[in-house]
Amino acid sequence: MRAKSIHEFNSALIGMIMGDGSITKYGNAMYLRHGEKQFDYVDGKVDYLSNYITPRSLRESIDNRGFKYRYAYYNSKKLRYMKKYFYKDGKKVFPKNILNRINSISLAFFYMDDGCLSLGKDKKGCINRRNIYLSTHCFSLEEIQEFQKILEKKFNIFS
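Just so it is clear, the structure is predicted and the values come from calculations on it, not from any experiment.

Calculation criteria
- Residues numbered from 1 in each chain as written.
- Predicted model: local features only at pLDDT ≥ 70, side-chain atom pairs only at ≥ 80, totals over all residues.
- Heavy atoms only, no water.
- Helix = DSSP H or I, 4+ residues; strand = E, 2+ residues; numbered from the N terminus.
- Rg over C-alpha atoms; globule rule 2.2 N^0.38 Å.
- Buried < 20%, exposed > 50% of the residue type's maximum accessible area, 1.4 Å probe, protein only.
- Contact = heavy atoms within 4.5 Å.
- Lys, Arg positive; Asp, Glu negative; His and termini not counted.
- Charge placed at Lys NZ, Arg CZ, Asp CG, Glu CD.
- Expected span 1.5 Å × (residues − 1).
- Arc of directions from axis to C-beta.

> How do you make sense of the overall build of the chain when you look at a structure like this?
If you tally the helices and strands in the chain, you get six helices and eight strands. Element order for the chain, N to C, with α for helix and β for strand: α-β-β-α-β-β-α-β-β-α-α-β-β-α. The C-alpha atoms of the chain give 17 Å as radius of gyration, which agrees with the globular expectation for 159 residues (15 Å, within 12%). When each of the 159 residues of the chain is scored for burial, the buried share is 42%. When contacts within the chain are restricted to residue pairs at least 6 apart in sequence, long-range pairs at least 24 apart make up 62% of them. Between the centroid of the 29 positive side chains of the chain and the centroid of its 16 negative side chains there is a distance of 3 Å.

What follows is the structure, encoded as structure tokens:
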């Protein structure tokens, strides 16, 4: 599936950058990197973005700890505007103007990158609750609280 509009493309980029995506220091380049079990996911991300941007490189590698991963490396001026919103002093942030643009596409990519589903069971082993967790450890408490407000307002999700 591919982004059908520039709006969908930008929404996906927001979710990917909120998650595992990272933009380089100079702002024109972005890496999407996942481990061996998620190679198909990397390919899916590349395909989703392909109507608007193509990777300069898509390859597999092994890091110095023996971790096998696949990454897509993008180098495009289209990424520069995301850098100015998402990074302050070299650190990834949740800016308010980006948080207000979060939609179901952004949230889906963020969840697929940094989310998990936890199933709670009763004494009989039957599932009686489902909890979704999003890893937000690199963001400040204030940014996370703003994100929670957005999730509640836009998606009726309670923390």
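> Just checking my understanding: could you explain helix α6 (residues 141–155) for this structure?
Taking 1.5 Å per residue as the helical rise, α6 with its 15 residues ought to reach 21 Å, and the 20 Å between its terminal C-alpha atoms agrees with that figure. Of the residues making up α6, those classed as buried are Glu143, Ile144, Phe147, Ile150 and Leu151. In an axial view of α6, the angular spread of the buried residues amounts to 115 degrees, which keeps them on one side of the axis. Along α6, exposed side chains directed more than 90 degrees from the buried face belong to Leu141, Glu142, Lys149 and Lys153. Looking at the buried side of α6, the elements it contacts are α1 (6–18), α4 (96–99), α5 (104–114) and β8 (127–134). Backbone geometry just after α6 places asparagine 156 at a positive phi near 55 degrees.

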